[in-house]
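# Structural characterization, general
Below, each chain spelled out in residue letters.
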Amino acid sequence: SRTAARAESRAIGQVLAEDVLMRLQLTPARELVPMADSLARGDFPAPFADCSWRASATPVRGQPRLIELRVVVAHGSDSTELRTRRFIPEPRGTP
């Protein structure tokens, strides 16, 4: 049914978005801002070749050690967006 297909598409989008967001959370902070094209967008391999993603990392205004990570996965006619915030520790050797 259409409802089941749409629910499956949304579930796939959610899992794929969580995967990209997890990769961003594990990426060294110095590689996030500015973000390289290889981290900012991409396509998924088979069996999800019809899905693509975009990501961004934006400093949080008024919070110098905080960035917002955003991932949008396009899948079929739907899209899934996830956001989280990440604390950026002081560089080593900073008083």
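Every value quoted in this text rests on a predicted model; they were computed, and no experiment measured them.

Okay, helix α1 (residues 2–26) next. With 25 residues, α1 extends 36 Å from end C-alpha to end C-alpha; this agrees with the ideal 36 Å at 1.5 Å per step. All of the buried residues in α1 are Ser-9, Gly-13, Leu-16, Ala-17, Val-20, Leu-21 and Leu-24. Each element contacted by the buried residues of α1 is listed here: α2 (37–40), β2 (51–60), β3 (63–75) and β4 (78–87).

Across ten bridges, β2 lies against β3 in antiparallel orientation. In the sheet register, Cys-51 faces β3, and the bridge partner there is His-75. Linking β2 to β3, which pair antiparallel, is a turn of two residues; within it Gly-62 sits at a positive phi near 85°. Bridge count for β3 against β4 is ten bridges, and the pairing is antiparallel. The residue bridging Leu-69 from the neighbouring strand is Thr-84, located in β4. What sits between the antiparallel neighbours β3 and β4 is a turn of two residues, in which Gly-76 has the positive phi angle 60°.

The next point concerns the confidence of the model for the chain. Note: predicted coordinates in regions of low pLDDT should not be interpreted at a detailed level. Averaged over all residues, the pLDDT of the chain is 91; the fraction at 70 or higher stands at 97%. Looking across the chain, the model is least confident in α1, with a mean pLDDT of 92, and most confident in strand β1 (residues 41–43), with 97.

Quick notes on the rules
- Residues numbered from 1 in each chain as written.
- Predicted model: local features only at pLDDT ≥ 70, side-chain atom pairs only at ≥ 80, totals over all residues.
- Heavy atoms only, no water.
- Helix = DSSP H or I, 4+ residues; strand = E, 2+ residues; numbered from the N terminus.
- Expected span 1.5 Å × (residues − 1).
- Buried < 20%, exposed > 50% of the residue type's maximum accessible area, 1.4 Å probe, protein only.
- Contact = heavy atoms within 4.5 Å.
- Pairing = 2+ DSSP bridges.
- pLDDT = per-residue confidence, 0-100.

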